[in-house]
2 protein chains.
Amino acid sequence: MENALKNENEKFYIGLDIGGTKILGALFNDKGDILKRDKKKTKADEGAEAIMKQIAKVIDALIEEIDLDQVVALGAGVPGIIDGKNGIVIFSPNMNWENFRLKEEIEKKYGLKTFIGNDVNVGTLGEWKYGAGKDFKNIVGIFVGTGVGGGLIINGAMHEGVIGAAGEIGHMVLNPDGPYCGCGSKGCLESYASKTAMQNEIMAQLRRGRKTLLAEKIESEKIIRSESLKEAYERQDELTIEIIDRSAYYLGLGAANIINLLNPELIIFGGGVIESMGDIYLPKIEETALKYSMPKMFESCRIKPAKLGDDAGVYGAMGLILENMK
Amino acid sequence: MENALKNENEKFYIGLDIGGTKILGALFNDKGDILKRDKKKTKADEGAEAIMKQIAKVIDALIEEIDLDQVVALGAGVPGIIDGKNGIVIFSPNMNWENFRLKEEIEKKYGLKTFIGNDVNVGTLGEWKYGAGKDFKNIVGIFVGTGVGGGLIINGAMHEGVIGAAGEIGHMVLNPDGPYCGCGSKGCLESYASKTAMQNEIMAQLRRGRKTLLAEKIESEKIIRSESLKEAYERQDELTIEIIDRSAYYLGLGAANIINLLNPELIIFGGGVIESMGDIYLPKIEETALKYSMPKMFESCRIKPAKLGDDAGVYGAMGLILENMK
């Protein structure tokens, strides 16, 4: 690694995963190896200038030992609706950005060719190029954490949609009379399957006087940790089993609808919940997906866990550069 | 037209819409004008050989006045799962075909370059190239008749999926506890919105003693005609209004899910039901789609009625040739 950084002929790439809480950065070589990492708080509540300073700190740390001229380009994933072609963040509640010219800002400061995309699309791109999706061309990524997000690779290209908002799998309605969702709609996949939904359900059941091993955790943790859910599940806590089953069931329904609509060859499940409990979730998801999808289409679709964990974003940002420069 | 057929330098194209009941054929010139049409019964229950004879009759009628050498290629839409690359009908219950090498059969008999695709995908392609979807690149076609079918145009290309079965919009689950669907799943869009679903609901309500203007029609018509539904609706028949509202509501939900997932710029609604009652259906569909989709994505998506009616299939078959030969 050290040597690579000191080789003047080496070409480098910067991948950023810009989130509402933290900014992850990685310096890549030509082969897609990570040579260096950095991480800073986003400071999203302090405004665009503060965020840009934090981004700059990450970039500066990554290029500390190399010459800026050796960096070919920078890629970044950002939550929200992204106009990738023009490098504009159309709308990002997490970042408090609206019509923010992120590409221009970075290019102005560093003279670095910059490409941006939606964080979940970029994460799916990462899994496609460097993770569970290698050698596949039609992939749907579903990421389950505090929310449920998705990304689409269609015929070997990232599908961004007409305003860069494609892949809102979490807001697929699975029951029009279901619970209200944060988006204002009802019965969305997210309102059944996300960690937030699980937490809400646990709290509601606690208020009804039900017992659960999670009672204490839910008070001490701001949002329940996947590890806590896993532990209670393994200790056969009845309520935990119930809500995880429900979450997995609706994820299976979502997968079935995607199989029937897009006939993909691979669905990758990732995000914190799947990372800790993939072995519990995936068989349940497959069982439901089989029940609700067309048999021949189900057979032709593999369902796999993500491989890159938190690195999917920076790898995807690297992939975004290569996709745009090829 | 006559002149065109007698011009020895003119190039022609054959478009076929092969259905379980009838085969529609059209002869096109270079500009995509229909010069001649033909139509025969499919005779699907008499086996593959009988069907091929009927297809041959349509082709023979179309080329009667021209030289076979003047025909550049033939395109065909067929219901079922189609392997377009190899020209094989993988599975078509309507035609009683399984792994049927349709392309090879036609090429062997006529020496005509042949391209095949799923009928609904091909119909959507027709609307894209010659109908309501001109100048758009991301289109979803939803066709409502005895069933509900769909086709996808993604980034300016027909999306067939990994086994050629993409677009099964009719089997998107909108309520996992909904009515059983013919596909074996439950609460599919088709089980609420198709003419078959409406007919089943009318019959169930008749058995409960409800009155409707459709009572007689439903006895005399094998499957209720869209025109009969329209007439009863306009005469403010209460049950008819109820089932049409329900059908449109679920179509709106399906549209919302598609908007959230694919972020398309256009959804085209077609098929017999929409052809007769588009002015009744479309406002209701839009109202529900707005309620259940993300506002910015809804705003960026137009919803339009199909333009080509029964001709979508043959136009699409012509489009399929051009797409494959470009």
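**Regarding the overall build of chain A**
Next, step 1: Secondary structure assignment for chain A yields 12 helices and 13 strands.
Next, step 2: The C-alpha atoms of chain A give 20 Å as radius of gyration, which agrees with the globular expectation for 326 residues (20 Å, within 12%).
Next, step 3: Dimensions of chain A, computed from the C-alpha atoms along their principal axes, are close to 60 × 45 × 40 Å.
Next, step 4: Every one of the 326 residues in chain A was classed for burial, and the buried ones make up 61%.
Next, step 5: Considering only contacts in chain A between residues 6 or more positions apart, those separated by 24 or more positions represent 63%.

**Considerations on the sheet that holds strand β11 (residues 157–158) of chain A**
Residues and elements named next belong to chain A.
Next, step 1: What the five strands build is an open sheet, ordered β11-β10-β9-β12-β13; its pairing is mixed. Bordering the open sheet on either side are β11 and β13 (302–305), each of which pairs with just one other strand.
Next, step 2: Sheet topology note: the strand β10 (residues 148–154)/β11 ladder contains two bridges and is antiparallel. For I153, the partnering residue across the bridge sits in β11 and is M158.

**Comments concerning the relation of the copies chain A and chain B**
Next, step 1: Least-squares fitting of chain A to chain B yields an RMSD of 0.0 Å, with the transformation described by 0.0 Å of translation along the axis and a rotation of 180 degrees. With respect to symmetry, the two chain copies, as superposed, fit the operation of a two-fold axis.
Next, step 2: Here 100% of the interface residues in chain A have copies in chain B that are interface residues too; the copies meet face to matching face.

**Thoughts on the sheet that holds strand β6 (residues 88–92) of chain A**
Residue and element names in this part refer to chain A.
Next, step 1: Taken together, the three strands give an open sheet; going across it, the order is β5-β6-β7, and neighbouring strands pair in antiparallel fashion. Of all strands in the sheet, those with a lone pairing partner are β5 (81–83) and β7 (97–100), marking the two edges. Ignoring which end each strand starts from, the neighbouring axes of this sheet average 20 degrees apart.
Next, step 2: Alignment of β5 against β6, held across three bridges, turns out to be antiparallel. Within the sheet, the bridge partner assigned to I82 lies in β6 and is V89.

**Focus on unusual backbone geometry**
Where the residue is not glycine, phi is negative for most of them; where a peptide bond is considered, it is trans in most cases.
Residues and elements named next belong to chain B.
Next, step 1: In this structure, K43 takes a positive phi of about 55 degrees despite not being glycine.
Next, step 2: Its place among the elements puts K43 in the loop between β3 (34–41) and α2 (48–63).
Next, step 3: A positive phi angle is found at N99, which is not glycine, with a value near 50 degrees.
Next, step 4: Its place among the elements puts N99 in strand β7 (residues 97–100).
Next, step 5: By relative accessible area, which is 52% here, N99 ends up exposed.

**With respect to the pairing of strand β8 (residues 114–118) of chain B**
Every other side chain in a regular strand lies on the same face of the sheet, so the side chains alternate between the two faces.
Residues and elements named next belong to chain B.
Next, step 1: Along β8, five of the five residues are buried, which leaves the element largely enclosed by surrounding structure.
Next, step 2: Two elements, strand β4 (residues 71–78) and β8, share five bridges in a ladder whose sense is parallel. Paired with L74 across the bridge in β8 is T114.

**Section: the pattern of salt bridges**
Pairing between side chains becomes possible if they bear opposite charge and their charged atoms approach one another.
Residues and elements named next belong to chain A.
Next, step 1: Counted according to the given criterion, the structure contains 32 salt bridges over all chains.
Next, step 2: Here E242 ties to R210 by a salt bridge, and the two come within 2.9 Å at their closest N and O atoms. One end of the pair, E242, is in helix α9 (residues 238–262); the other, R210, is in the loop between α6 (195–207) and α7 (215–220), with 32 residues separating them in the sequence.
Next, step 3: Among the residues examined, E242 registers a relative accessible area of 38% and is labelled partly exposed.
Next, step 4: It is possible to trace a salt-bridge network through shared partners that takes in K36, E64 and E65.

**Topic: the side chain of S300 of chain A**
Next, step 1: In this fold, S300 of chain A is placed in the loop between α11 (295–299) and β13.
Next, step 2: For S300 of chain A, a relative accessible area of 18% corresponds to the buried category.
Next, step 3: A polar side-chain atom of S300 of chain A sits 3.5 Å from a polar atom in the side chain of N263 of chain A.
Next, step 4: Discounting chain neighbours no more than four positions away, the residues touching S300 of chain A are N263, P264 and E265 of chain A together with V162 and I163 of chain B.

**Some details on helix α3 (residues 102–110) of chain A**
All names here are of chain A.
Next, step 1: Taken together, the buried positions of α3 are occupied by L102, K103, I106 and Y110. Relative to the axis of α3, the buried residues are bounded by an arc of 100 degrees and lie together on one face.
Next, step 2: Looking at the buried positions of α3, the neighbouring elements they touch are β1 (12–18), α2 (48–63), β4 (71–78), β6, β7 and β8 (114–118).
Next, step 3: At the C-terminal side of α3, G111 shows a positive phi close to 60 degrees.

**Some points on the confidence of the model for chain A**
Regions with low pLDDT should not have their predicted coordinates read in detail.
Next, step 1: Taken over all residues, the pLDDT of chain A has a mean of 95, while the share at 70 or more is 99%.
Next, step 2: Reported confidence for the predicted complex is 0.93 by ipTM and 0.94 by pTM.

**Some words on the packing of helix α8 (residues 226–234) of chain A against helix α10 (residues 272–292) of chain A**
The relative placement of two packed helices comes down to the angle between their axes together with the axis-to-axis distance.
Residue and element names in this part refer to chain A.
Next, step 1: Between α8 and α10, the least distance of the axes is 8 Å, while the angle of their chain directions is 40 degrees. Between α8 and α10 lies a crossing of left-handed hand. Of the residues in α10, those in contact with S226, E227, L229, K230 and Y233 of α8 are G272, V273, S276, M277, I280 and K284.
Next, step 2: Class assignment of the residues belonging to the contact of α8 with α10 gives a composition of five nonpolar, three polar and three charged.

**Observations concerning the interface of chain A and chain B**
Next, step 1: Listed per partner, the contact involves 44 residues of chain A and 44 residues of chain B.
Next, step 2: In this assembly, chain A packs against chain B so that about 3500 Å² is buried in total across both faces, 65% of it on carbon and sulfur atoms.
Next, step 3: For the pair chain A and chain B, the interface holds zero salt bridges.
Next, step 4: Seen at the junction of chain A and chain B, the total is 20 residue pairs in polar contact (both at pLDDT 80 or more).
Next, step 5: Breaking the side of chain A that touches chain B down by element, the ones donating at least two residues are β10, α9, α10 and α11 of chain A.
Next, step 6: Looking at the side of chain A that touches chain B element by element, the count peaks at eight residues for α9 of chain A.
Next, step 7: Grouping the constituent residues of the side of chain A that touches chain B by class yields 24 nonpolar, 13 polar and seven charged.

What counts, and where the lines are drawn
- Numbering of residues begins from 1 in every chain and follows the order in which that chain's sequence is written.
- Each chain is given a letter, starting from A, and each ligand a number, starting from 1, according to the order in which they appear as written.
- Confidence filtering applies because this is a predicted model: local features only for residues at pLDDT of at least 70, side-chain atom pairs given and counted only at 80 or more, and all residues used for totals across whole chains, interfaces and linings.
- Calculated side-chain values reflect all of the structure's heavy atoms, with hydrogen atoms and water omitted.
- Working definition: helices are DSSP H or I runs of at least four residues, strands are E runs of at least two. Numbering for both runs from the N terminus.
- When we talk radius of gyration, it's over C-alpha atoms, and the globule rule is simply 2.2 Å times the number of residues to the 0.38.
- Only protein chains enter the accessibility calculation, which uses a 1.4 Å probe; a residue is then buried when its area is under 20% of its type maximum, exposed when over 50%, and partly exposed in between.
- When checking whether two residues touch, look at their non-hydrogen atoms; a contact exists if any pair is within 4.5 Å.
- What makes two strands pair is DSSP finding at least two bridges between them.
- Only residues with pLDDT of at least 70 in both copies count here: their C-alpha atoms drive the least-squares fit that superposes the copies.
- What counts as an axis is a line fitted to C-alpha atoms, over the stretch in contact for a helix, and the angles between N-to-C directions run from 0 to 180 degrees.
- Here, a salt bridge means any side-chain nitrogen of Lys or Arg that lies within 4 Å of a carboxyl oxygen of Asp or Glu.
- Definition of a polar contact: a pair of N or O atoms within 3.5 Å, with one able to donate and the other able to accept a hydrogen when the atoms are protein atoms, and with sequence-neighbouring residues admitted only if both atoms are side-chain atoms.
- Think of it as the arc spanned by the lines of direction from the helix axis to the C-beta atoms.
- How sure the predictor is of each residue is captured by pLDDT, a score from 0 to 100.
- Take the far helix as your reference; a near helix turned counterclockwise from it by less than a right angle gives a left-handed crossing, and one turned clockwise gives a right-handed crossing.
- In this classification, the charged set is Asp, Glu, Lys and Arg, the nonpolar set is Ala, Val, Leu, Ile, Met, Phe, Trp, Tyr, Cys and Pro, and all remaining amino acids, among them Gly, are polar.
- By definition, the buried area sums, over both parts, the 1.4 Å-probe accessible area that each loses when the two are put together.

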